[in-house]
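Here is how the chains run, residue by residue.
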Amino acid sequence: MEAMMEVLEQELEGAFEVKDKKSLHRYIVLLTENIVRKESYEKEQLEIRSDIKTLAEIVKQGFEHTDKRFEAMNKRFTMMFTFMNIGFTIIVLLTVLFKFIA
């Protein structure tokens, strides 16, 4: 960053008439302090994207787990209704048989 400051200072000195070197130096310091290095910006962006991908994967796994739970519950309810239907059918058949026998 120091090298960049020196280059900017020299270029501005060559391009403009400098009345106060300290003022020019302060300007360059303020300017360079607010400049974000491209490498650090890209690194932060990659980290954020990585975090978003990780969160998306976690959410996807959560939905898959929930889907499996609902499938298991659906299977249990289907089995329960099947046994209830069989039970009611047996009760109806026994009732009809006892009615004809009696």
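Quick look at the structure, then. Predicted, not measured: the structure shown is a model, and the values here were computed from it.

### With respect to the packing of aromatic side chains
Now for step 1: Following the criterion strictly, the structure yields one aromatic pair and no others.
Now for step 2: Relative to Phe81, the ring of Phe77 has its centre 6.5 Å away and its plane inclined at 25°; by these criteria the two rings are stacked. With Phe77 and Phe81 both in helix 3 (residues 38–101) and four residues apart, this pair spans about one turn of that helix.
Now for step 3: We classify Phe81 as partly exposed; its relative accessible area is 48%.

### Here we look at the packing of helix 1 (residues 2–15) against helix 2 (residues 21–33)
Now for step 1: Relative to each other, helix 1 and helix 2 sit at 135°, their axes nearing to 10 Å. As the angle between them shows, helix 1 and helix 2 are arranged oblique. Here helix 1 runs over helix 2; the crossing is right-handed. Along its contact with helix 1, which presents Met4, Met5, Leu8, Glu9, Leu12 and Glu13, the element helix 2 presents Lys21, Leu24, His25, Tyr27, Ile28, Val29, Leu31 and Thr32.
Now for step 2: By residue class, the composition of the contact of helix 1 with helix 2 is nine nonpolar, two polar and three charged.

Thresholds, definitions, all that
Counting of residues starts from 1 at the beginning of each chain's written sequence and follows it residue by residue. Local features in this predicted model are restricted to residues whose pLDDT is 70 or higher, and side-chain atom pairs enter the listing and the counts only when it is 80 or higher, whereas totals over whole chains, interfaces and linings include all residues. Side-chain metrics rest on all non-hydrogen atoms present in the structure, leaving aside hydrogens and water. Any two of the Phe, Tyr and Trp rings considered here, Trp counted by its six-membered ring, make a pair once their centres fall within 6.5 Å; the pair's planes then place it as stacked at under 30 degrees, edge-to-face at over 60, or tilted in between. A run of DSSP states H or I qualifies as a helix once it reaches four residues; a run of E qualifies as a strand once it reaches two. Both are numbered from the N-terminal end. Burial status follows relative accessibility: with a 1.4 Å probe on protein chains alone, a residue under 20% of its type maximum counts as buried, one over 50% as exposed, and anything between as partly exposed. Only C-alpha atoms enter the line fits that serve as axes; for helices the fit covers just the stretch in contact. Angles between N-to-C directions range over 0 to 180 degrees. Comment on the angle field: the value is read as roughly parallel under 35 degrees, roughly antiparallel over 145, roughly perpendicular from 65 to 115, and oblique elsewhere. Crossing handedness is read from the near helix: turned anticlockwise from the far helix by less than a right angle, it gives a left-handed crossing, and turned clockwise, a right-handed one. Contacts are assigned to residue pairs that have any heavy atoms within 4.5 Å of one another. Side-chain classes follow a simple rule in which Ala, Val, Leu, Ile, Met, Phe, Trp, Tyr, Cys and Pro form the nonpolar group, Asp, Glu, Lys and Arg form the charged group, and the remainder, Gly included, forms the polar group.

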